[in-house]
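# Structure assessment
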Amino acid sequence: MDWWRIIHVLALVWLGAGLGATYPLILRAWASKDLKYQMYCLTEAANNETRILLPGAMATGVTGFFWATAAEYNFVKDGWLFALSAIYIVVYFVCLPLMGFGLRRARLASLIATKKGEETEELREILQDKVPLVFSTVIVLSVPVIAWLAVFKPF
C-alpha cells in the first residue's frame, strides 16, 4: 500500500505541475488586451495541457484507484471516496475535455491568423469565448475539495 501512496503522490505532483503550467497562461490571456500576447498564451496553454496536464490527470486517477483498492477502501460504503471519485469523473470527463477543446480551437485560430499575417474576425471571436477560463477555474477549485475529502474522510 505504501508504494501506491508514493506513486499516487508523484502523480498528484505531476497533475499540479500541469495545472501550474496551464492555468496561469489562461488567466494571462484573458487579462491581456494584446492580441498577439493572448495568442501566445493560449497556444502555450494548449501545448501544456496536452503534454503535462492530461497525462498527470490520467496518472492521478489510475494510481488513486489502485491505491484505494490496495488499501481495501470500499467505493460504495466509504461515502468520501464515492464523492471524491464522482468529482474526479466530472473533472476528467467534462471539464478537461471542454477546456482542451477551447484551447485547441484558440490555438488553431491563432495559427491561421499568423499564417494569413493578419488578425482574423474568427480569432477575435474565439478570444472572447471564456470556455477554457471557466472550466480551468472549475478544475483548479476542485483540487482543494478532492484533497479535503481524501485527507479528512468526512463521511
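What comes next concerns the included structure. Predicted model only: the values in this text are computed from it and were never measured.

### Some words on the overall build of the chain
The secondary structure content of the chain amounts to five helices and zero strands. Listing every helix and strand of the chain by position from the N terminus yields α-α-α-α-α. Its C-alpha atoms give the chain principal-axis dimensions of about 60 × 25 × 20 Å. Classification of the 155 residues of the chain by burial places 38% in the buried group. Considering only contacts within the chain whose residues lie at least 6 apart along the sequence, 76% involve residues at least 24 apart. Carbon and sulfur atoms make up 69% of the accessible area of the chain, which totals about 9000 Å². In the chain, the 14 positive side-chain charges and the 12 negative ones have mean positions that sit 1 Å from each other.

### What about the environment of Met58?
Within the fold, Met58 resides in helix H2 (residues 35-70). For Met58 and Leu15, which are 43 residues apart along the polypeptide, the C-alpha to C-alpha distance reads 8.6 Å. Non-local contacts of Met58, meaning those with residues more than four positions away in its chain, are made with Tyr88 and Tyr92.

### A few points about the nonpolar core
Counting 28 residues, the largest nonpolar core has Ile26, Leu42, Leu96, Met99, Leu103, Leu123 and Ile139 as its most contacted members. Counting residues per element, the ones that place at least two in this core are helix H1 (2-31), H2, helix H3 (79-116), helix H4 (121-128) and helix H5 (131-152). The biggest single contributor to this core is H3, with nine residues. Formed by six residues, the second largest nonpolar core is a distinct cluster that contains Trp80, Leu81, Ala83 and Leu84.

### Digging into the pattern of salt bridges
Under the counting rule described, the total for this entry stands at four salt bridges. As a salt-bridge pair, Arg105 and Asp129 come within 3.1 Å of each other at their nearest N and O atoms. Placement of Arg105 in helix H3 and of Asp129 in the loop between H4 and H5 is noted, with a sequence separation of 24 residues between them. Of the residues examined, Arg105 reaches a relative accessible area of 31% and is grouped as partly exposed. What makes Asp129 partly exposed here is its relative accessible area of 24%. Salt-bridge contacts for Arg124 lead to Glu121; the nearest nitrogen and oxygen are separated by 3.3 Å. Within this pair, Arg124 and its partner Glu121 are both found in helix H4, separated by three residues, close to a single helical turn. Each of Glu119, Glu121 and Arg124 takes part in salt bridges that share partners, so that together they form one network.

### Quick look at the side chain of Ser110
As for its placement among the helices and strands, Ser110 is situated in helix H3. When near neighbours in sequence (up to four residues on either side) are disregarded, Ser110 contacts Met39, Thr43 and Leu123.

### Topic: the packing of aromatic side chains
With the rule as written, the count across this model stands at seven aromatic pairs. Their ring planes at 25° and their centres at 5.2 Å tell us that Trp4 and Phe66 sit as a pair that is stacked. In this pair, Trp4 sits in helix H1 while Phe66 sits in helix H2, placing the two residues 62 residues apart along the sequence. Pairing Tyr73 with Trp80 gives two aromatic rings, centres 5.2 Å apart and planes at 85°, and the pair type is edge-to-face. On the basis of relative accessible area, Tyr73 is assigned to the partly exposed category, the value being 32%. Among the aromatic residues, those joined into a cluster by ring pairs are Trp4, Phe65, Phe66 and Phe75.

Analysis parameters
Residues numbered from 1 in each chain as written. Predicted model: local features only at pLDDT ≥ 70, side-chain atom pairs only at ≥ 80, totals over all residues. Heavy atoms only, no water. Helix = DSSP H or I, 4+ residues; strand = E, 2+ residues; numbered from the N terminus. Buried < 20%, exposed > 50% of the residue type's maximum accessible area, 1.4 Å probe, protein only. Contact = heavy atoms within 4.5 Å. Areas by Shrake-Rupley, 256 points an atom, 1.4 Å probe, with all protein chains shown as cover. Lys, Arg positive; Asp, Glu negative; His and termini not counted. Charge placed at Lys NZ, Arg CZ, Asp CG, Glu CD. Core = buried A, V, L, I, M, F, W, Y, C linked by side-chain atoms within 4.5 Å. Salt bridge = Lys/Arg side-chain N within 4 Å of Asp/Glu carboxyl O. Phe/Tyr/Trp six-rings, centres within 6.5 Å; stacked < 30°, edge-to-face > 60°.

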